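Each chain, written out:
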2 protein chains.
Amino acid sequence: MSHTEDLTRYIANFVDELAKSGLTDVIISPGSRSTPLAMTFREHPEIKEWVILDERSAAFFGLGLAKQTNRPVALVCSSGTAAANYYPAIVEAHESRVPLIALTADRPHELRDVGAPQAIDQIKMYGSYVKSFHEMALPKSTAEMLNYARIRAARAVHEALSGNPGPVHLNFPFQEPLIPDFTLKDLWGEPIREPYTRWHDGKRRLPESFINQLAERLASLQKGLFVCGPQMDQDLAEAVTLLAENWGVPILADPLSLIRTGSHSTGNIIEGYDSFLRNEKIRAYLKPDYIIRFGAMPVSKAYLFFVKENQTALQFVVEQDAGYREPVGNPTEYIYADPVLFCSDLLEAGIISSSSDNDWLTTWKNFNSIAKKHLVKASVGSLTEGEAVKQLTDVIPNKSTFYVGNSMSIRDVDTFLMAGSKKLTLLANRGANGIDGIISSGLGAAASGNPVTLLLGDLSFFHDMNGLLAAKHYNLNITILVINNNGGGIFSFLPQFHHEKHFEVLFGTPLNIDFQKAIEMYGGSYHNPTDSSELKEMLLASYQEQGLSVIEVKTDRTENLHWHKELWTAIEEDILKLVVQ
Amino acid sequence: MSHTEDLTRYIANFVDELAKSGLTDVIISPGSRSTPLAMTFREHPEIKEWVILDERSAAFFGLGLAKQTNRPVALVCSSGTAAANYYPAIVEAHESRVPLIALTADRPHELRDVGAPQAIDQIKMYGSYVKSFHEMALPKSTAEMLNYARIRAARAVHEALSGNPGPVHLNFPFQEPLIPDFTLKDLWGEPIREPYTRWHDGKRRLPESFINQLAERLASLQKGLFVCGPQMDQDLAEAVTLLAENWGVPILADPLSLIRTGSHSTGNIIEGYDSFLRNEKIRAYLKPDYIIRFGAMPVSKAYLFFVKENQTALQFVVEQDAGYREPVGNPTEYIYADPVLFCSDLLEAGIISSSSDNDWLTTWKNFNSIAKKHLVKASVGSLTEGEAVKQLTDVIPNKSTFYVGNSMSIRDVDTFLMAGSKKLTLLANRGANGIDGIISSGLGAAASGNPVTLLLGDLSFFHDMNGLLAAKHYNLNITILVINNNGGGIFSFLPQFHHEKHFEVLFGTPLNIDFQKAIEMYGGSYHNPTDSSELKEMLLASYQEQGLSVIEVKTDRTENLHWHKELWTAIEEDILKLVVQ
């Protein structure tokens, strides 16, 4: 077997098995050492390739696409710092459980740690942030080694998806010459119809006896509360709302729970909790007997205070497979079971919770109505940050994706996204909550073909401006709403705000740059509304356009701080009237 | 002791000891968890802070500043993916031996791995790329813990600098509240004049008996060759050129050896070797008896072929402290000794090498003269890539810094930078040879106050465009020459070039964007010369200006390929006339 035949068949079998295992997309960053992978991916008829130069953006693009599709996405880069640029997205994928398959090309062993150019130590370079690492063998095309290549491809896909999804890393040593020969007969291996290996993953489910016992324990308590934090299972909404209505339990639904809006029943959903749980007296008035949480901790800091003050309530955290996500440190019972099965099993237990203490549910609903009345009321004319987000949630199209930036953006969406029947896929990078890679993540979601609206702040926009190249290059369909308060708006809400000597330099950090120039460079259309109705028109117009539309709303950090505080105070005051009675 | 006093004194003592140990600059990326470090650094009277939002750029900025000053530079960031963005520059610092001190703020232990926001596993997150990692204790202000903080600061500086310099990593757990109290008495500790700890590092030196023996062995051989690869010791030039002239040995000097140009004698320097060693016959004609290499492997691929074909020559690699940088795999003797001492010791041995075979030196000099004649000759009018680099090397100011991008840029500088008396500090990121972070690296060098010219290609320019914000924010003095061949020009020199189906998409990767818009966004002046004399004028004008000047030379990848090949062929043909005789 020649070197080139070894190389070609080995990689072709590997790539073909990825496709057979369900991989549909690969993000390739240019380089020489990765030539065998890059060319073979591009040659494969069933895999779509996206070429993105900046590897940091490339990995976040893959992350967004994987989040949107719930399918693993492969990343291909050359040796050297290229692979190090994947790190931020790998970390985020680990924390937020997104299936990514990083395929890094490497120098062969004889060129490692000998001062050869572009050779760095890539073995386990993502540390504990990947679910698995494997150093691939040098290409060989014996039957045994082609099977090995297929099995490793299939395992990579399975490992990325199984249990809690996450990133995996395969490192490929390649000797020169690097160019495959695609004229070889049976390039993609024997015409196998089926994948070489398959996995059949059972779901965790608790025994009936336990479920019945638990249902009885809960039925004996008056005040139950379901909390749905960020999670990706599209089927949870139906299951958990059904149980909540059957039991008469309110659901605090984080915007990223995929439960706040949709075609399921949203009658028990309390979406305004972040506004009214800011008040200590209101929190004290709403003491639950038990809390069952699905998904990660909600975004709301007010909810965090609420949980901390309710240490004596019975508390349950549901995890589909594994993991520990309970930052408060309360006594807690952990339910490791598929959340959808867990809900339907509890429902089938047929024991109606006596939290048919109707007052409990009614109180939450009343407080929520008061909050919503204030939140929905338009602050006529002036285009504050909250107002911009309100307008956006009004006009964002049904069945579209709403990608939300971190920092103020996700908090404003938490405040202003009202429960409703609009089917929205809400996505955000809430694993590590970074302000990096947000544009690329949104564009990755758009690469699935679904229309995407991306909301983010100016610092996030700046951090990943390179990501915009993909929008231009692939003419991706995206509306980006940038809230530009010229710096780190969220810091105005923290104690650092009161330290004038250091604040602007270390925290405010105004950029003072004109994004319009960058947007034009990337062929996007640029809009700068000055009031609410203009914003609305521009958003609606953008949904009729193809390609990149960027709408920039310029706001003032201090005005924003006061606007939010006034709104929260008004809500608290109205609700406190009921509490004091 | 209150929490705030513990926090304040602990960090103040830490930062003060960094300053006492010689740290002068810190690069801070905004965040909340890092508040104690950020505010204290800014408060310290002897440390200058640079605030850079994008942590990837921030770390490369620190790298460039550290390279320029040969002093360690500290990096401060918040918890989460912020720290992961440092990875590319940390890898580069490791490979190219640059002292960086990464100070990452972290959530305290009770908030780790419990699903708390922005908490990722930062323990040893840079793997084997840092010389040392230490998880700092929680802040306490007992005498013992303040001493500990001081010692850890001093150790970090020493570890970053000692032996082969490189990055170190300290991780700081911080509990809230995070704001120090700078009104405390004796904030910076007892008025200690001296550093709390000091290190006195001896240099490696070989015994006289060994030196004499070696000098005798070499003296018995006819054809010696010194090779100086990339290295950072400003004193080597004097020592190695003195020895070379005394022994009559030619020196092949990489542009990054800091030996090609300067006030030392450059009589024996052969700078054109990359051009004429491309030819196999010429290589065969120039077989050396021994090679002594200082620094890393030179950039030149032609030299690599030359070494590979001279396995039987006696070969020495000199390392100041440790490391293994011999990618060819030849039988080699490793000299672990300070290179300057090694040269002066050999000189003092007083044994004149009989490579007073004058023909040997003369032949190299003659070949070099022929190459130079072609290289210096202006290709009148048309502004090719090589021509642009030639113009730049002509007009770049004495005593300035020349930061060179990877890929084609460093190769063109290798080709066209002629030996001379101009004192230039040549810098490049040749550890991992990435195209990332180059703008920030150049700006970091400029932050030292030295005027900087940065040469790079369009892909590198794009990759780190975010870096330009620092130029605007701090009004840094830099001239950037971008060679824009709209894509990956270097790939045209590789076999991939002949695979039309995949070439442009996977390797050519044209950006098709107009950099002028970005440059204007960052307040730079933009210039676009169309011929050599215009370029020269614009370069000269830029050296009279303050701030950011960007000169973009638009070229064609294919034309560039042919231009280089024609030049090399002309040189080979002329030299071969002498070889055949």
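As annotated in an unreviewed UniProt entry, chain A carries the name 2-succinyl-5-enolpyruvyl-6-hydroxy-3-cyclohexene-1-carboxylate synthase and comes from Ornithinibacillus bavariensis. Note on chain A: under the UniProt heading Sequence similarities (unreviewed entry), the record states "Belongs to the TPP enzyme family. MenD subfamily." UniProt annotates chain A under Function (unreviewed entry) with the comment "Catalyzes the thiamine diphosphate-dependent decarboxylation of 2-oxoglutarate and the subsequent addition of the resulting succinic semialdehyde-thiamine pyrophosphate anion to isochorismate to yield 2-succinyl-5-enolpyruvyl-6-hydroxy-3-cyclohexene-1-carboxylate (SEPHCHC)."

Take the UniProt feature "domain: Thiamine pyrophosphate enzyme N-terminal TPP-binding" (unreviewed entry) in chain A next. This chain's UniProt record puts "domain: Thiamine pyrophosphate enzyme N-terminal TPP-binding" (unreviewed entry) on residues 14–125 of chain A. In this annotation, residues 14–125 of chain A is assigned 40% helix and 18% strand; the end-to-end C-alpha distance for the span is 22 Å.

Time to look at the sheet that holds strand β16 (residues 478–484) of chain B. All names here are of chain B. Taken in spatial order, the six strands of this open sheet run β14-β13-β15-β16-β18-β17, and their pairing is parallel. Edge positions in the sheet fall to β14 (424–428) and β17 (525–527), since each has one partner strand and no second. Neighbouring strand axes in the sheet, compared pairwise and without regard to direction, differ in orientation by 20 degrees on average. Sheet topology places strand β15 (residues 452–457) next to β16; six bridges connect them, and they run parallel. Bridge pairing links L454 to I480 in β16. Lying on the sheet, helix α21 (residues 532–544) is in contact with β15, β16, β17 and β18 (548–554); it crosses β18 at an angle near 170 degrees.

Taken together, the contacts link 79 residues of chain A with 78 residues of chain B. Here chain A and chain B share an interface that buries about 6700 Å² over both sides, 62% of which is from carbon and sulfur atoms. If you look at where chain A meets chain B, you find four salt bridges. Put simply, D54(A) and R56(B) hold a salt bridge, and the shortest N to O gap is 2.7 Å.

Core analysis: the biggest nonpolar cluster contains 130 residues, and F461(A), M465(A), I480(A), F461(B), M465(B) and I480(B) have the highest contact counts within it. For I480(A), the contacting residues outside a window of four places in its chain are L454(A), L456(A), F461(A), L468(A), L548(A), S549(A), V550(A) and I551(A). V389(A), I396(A), A428(A) and L535(A) belong to the second largest nonpolar core, which has 55 residues in total.

Turning our attention to the relation of the copies chain A and chain B. Here the second copy of the chain follows from the first by a rotation about an axis and a shift along it. Mapping chain A onto chain B calls for a rotation angle of 180 degrees and an axial translation of 0.0 Å; the resulting RMSD is 0.0 Å. Such values leave the two copies arranged in the relation of a two-fold axis. By residue overlap, the copies meet face to face through one surface: 99% of the interface positions of chain A are interface positions in chain B.

What the rule picks out here adds up to 56 salt bridges over all chains. Among the salt bridges present, the one from K20(A) reaches D16(A), with a minimum N-O distance of 2.7 Å. Remark: D16(A) and K20(A) occur in helix α1 (residues 3–20); sequence separation between them is four residues, near one turn of the helix. Residue classification places K20(A) among the partly exposed residues on the basis of a relative accessible area of 23%. In this structure D16(A) comes out as buried when scored by relative accessible area, which is 5%. Salt-bridge contacts for D514(B) lead to K517(B); the nearest nitrogen and oxygen are separated by 3.8 Å. Residue D514(B) is classed as partly exposed on the basis of its relative accessible area of 30%.

Paired through backbone hydrogen bonds, the strands of a sheet run either parallel or antiparallel to each other. Residue and element names in this part refer to chain B. Spatially, β9-β8-β7-β10-β11-β12 is the arrangement adopted by the six strands of the open sheet, whose pairing is parallel. Edge positions in the sheet fall to β9 (269–270) and β12 (333–336), since each has one partner strand and no second. Most of the contacts of helix α8 (residues 236–247) go to strand β7 (residues 224–228), to which it runs at about 165 degrees, and overall it touches β7, β8 (251–253), β9 and β10 (290–294).

All names here are of chain B. Topologically, A156 is positioned in helix α6 (residues 143–161). Accessibility expressed as a relative area gives 2% for A156, which makes it buried. Setting aside its immediate chain neighbours within four residues, A156 contacts I101, V168 and L170.

Another point: the packing of aromatic side chains. In this description, an aromatic ring pair is defined by two values, namely the gap between the centres and the angle between the planes. For the structure shown, the criterion picks out 49 aromatic pairs over all chains. Considering the side-chain rings of Y87(A) and Y129(A), the 5.7 Å spacing of their centres and the 75 degrees angle between planes classify their relative orientation as edge-to-face. Highlighted residues: Y87(A) in helix α5 (residues 87–96) and Y129(A) in the loop between β4 (100–106) and β5 (132–135), separated in sequence by 42 residues. Residue Y87(A) shares its accessibility class with Y129(A), and that shared class is buried. When the ring centre of W50(B) is taken as reference, the NZ or CZ atom of K48(B) above it lies at 4.4 Å.

Let us now look at the packing of helix α2 (residues 35–43) of chain A against helix α19 (residues 500–508) of chain B. Angle between the axes and distance between the axes: these two values describe a pair of packed helices. Running from N to C, α2(A) and α19(B) point in directions that differ by 115 degrees, and their axes come no closer than 11 Å. Where α2(A) crosses over α19(B), the handedness of that crossing is right-handed. Taking contact as the criterion, the partners of T35(A), A38(A), M39(A), R42(A) and E43(A) in α2(A) are, on α19(B), K501(B), H502(B), V505(B), L506(B) and F507(B). Of the residues belonging to the contact of α2(A) with α19(B), the class tally is five nonpolar, two polar and three charged.

Moving on to unusual backbone geometry. Residues and elements named next belong to chain A. With an omega of -5 degrees, the peptide bond between E176 and P177 qualifies as cis. Here P177 lies in the loop between β6 (167–173) and α7 (208–219). Despite not being glycine, N70 has its phi angle at roughly 55 degrees, a positive value. Of note in the backbone geometry, T509 takes a positive phi value of approximately 35 degrees without being a glycine. Here T509 lies in the loop between α19 (500–508) and α20 (515–521). T509 gets classed as buried once you look at its relative accessible area, which sits at 9%.

Take the domain arrangement of chain A next. Residue and element names in this part refer to chain A. If you check the domain split of chain A, you get domain 1 (3–173), domain 2 (208–364) and domain 3 (377–568). In this structure, domain 1 and domain 2 have C-alpha centres spaced 39 Å apart. The interface of domain 1 with domain 2 comprises six residues on the first partner and seven residues on the second. Surface buried jointly by domain 1 and domain 2 totals about 570 Å² across both partners, of which 37% is contributed by carbon and sulfur atoms. Counting across the interface, domain 1 meets domain 2 through one salt bridge. Ionic pairing is found between E319 and R97, a salt bridge with its closest N-O pair at 2.9 Å. Taken together, the connections running from domain 1 to domain 2 amount to five residue pairs in polar contact (both at pLDDT 80 or more).

Residues and elements named next belong to chain B. Within β7, five of the five residues are buried, which leaves it mostly tucked inside the rest of the structure. Burial along β7 is two-sided: the residues G224, F226 and C228 and L225 and V227 are all buried. By the bridge criterion, three bridges tie β7 to β8 in an arrangement that is parallel. Within the sheet, the bridge partner assigned to F226 lies in β8 and is I251.

Turning next to helix α12 (residues 339–348) of chain A. Residues and elements named next belong to chain A. Those residues of α12 not exposed but buried are P339, F342, C343, D345 and L346. One side of α12 holds all its buried residues, which, seen down the axis, span an arc of 165 degrees. The inward-facing, buried residues of α12 abut α7, α8 (236–247), β10 (290–294), β11 (314–319) and β12 (333–336). G350 sits one or two residues past α12 and shows a positive phi near 70 degrees.

So, about α21(B). Residue and element names in this part refer to chain B. Given a rise of 1.5 Å per residue, 13 residues ought to cover 18 Å, and the 19 Å separating the end C-alpha atoms of α21 matches this to within 8%. Of all the residues in α21, the buried ones are S532, L535, L539 and S542. Within α21, the buried residues cover an arc of 85 degrees as seen down the axis, which keeps them to one side. Summarising the geometry of α21, the exposed residues directed more than 90 degrees from the buried face are E537 and Q544. For α21, the elements touching its buried residues are α14 (385–395), β16 and β18.

Attention now goes to the pairing of β10(B). Residues and elements named next belong to chain B. The element β10 is extensively covered by neighbouring structure, given that five of its five residues are classed as buried. Of the two faces of β10, both are covered, the one formed by Y290, I292 and F294 as well as the one formed by I291 and R293. Note: β7 against β10, five bridges, orientation parallel. Within β10, the residue paired with C228 across the bridge is F294. The pairing of β10 with strand β11 (residues 314–319) spans five bridges and is parallel. Note on β11: the bridge partner recorded for I291 is Q315. What joins β10 to β11 is helix α11 (residues 301–308), and the crossover it makes is right-handed.

The rules behind the values
Residues numbered from 1 in each chain as written. Chains lettered and ligands numbered in written order. Predicted model: local features only at pLDDT ≥ 70, side-chain atom pairs only at ≥ 80, totals over all residues. Heavy atoms only, no water. UniProt positions renumbered as here; feature names shortened; annotations may be inferred. Helix = DSSP H or I, 4+ residues; strand = E, 2+ residues; numbered from the N terminus. Pairing = 2+ DSSP bridges. Axes fitted to C-alpha atoms, helices over the stretch in contact; angles between N-to-C directions. Contact = heavy atoms within 4.5 Å. Buried area = accessible area lost by both parts, 1.4 Å probe. Salt bridge = Lys/Arg side-chain N within 4 Å of Asp/Glu carboxyl O. Core = buried A, V, L, I, M, F, W, Y, C linked by side-chain atoms within 4.5 Å. Buried < 20%, exposed > 50% of the residue type's maximum accessible area, 1.4 Å probe, protein only. Least-squares fit on C-alpha atoms with pLDDT ≥ 70 in both. Phe/Tyr/Trp six-rings, centres within 6.5 Å; stacked < 30°, edge-to-face > 60°. Lys NZ or Arg CZ within 6 Å of the ring centre and 35° of its normal. Left-handed = near helix turned anticlockwise from the far one by under 90°. Nonpolar A, V, L, I, M, F, W, Y, C, P; charged D, E, K, R; others polar. Domains from an automatic or database assignment. Polar contact = N/O pair within 3.5 Å; in protein donor to acceptor, adjacent residues only side chain to side chain. Arc of directions from axis to C-beta. Expected span 1.5 Å × (residues − 1). Right-handed = clockwise from strand over helix to strand, strands pointing away.

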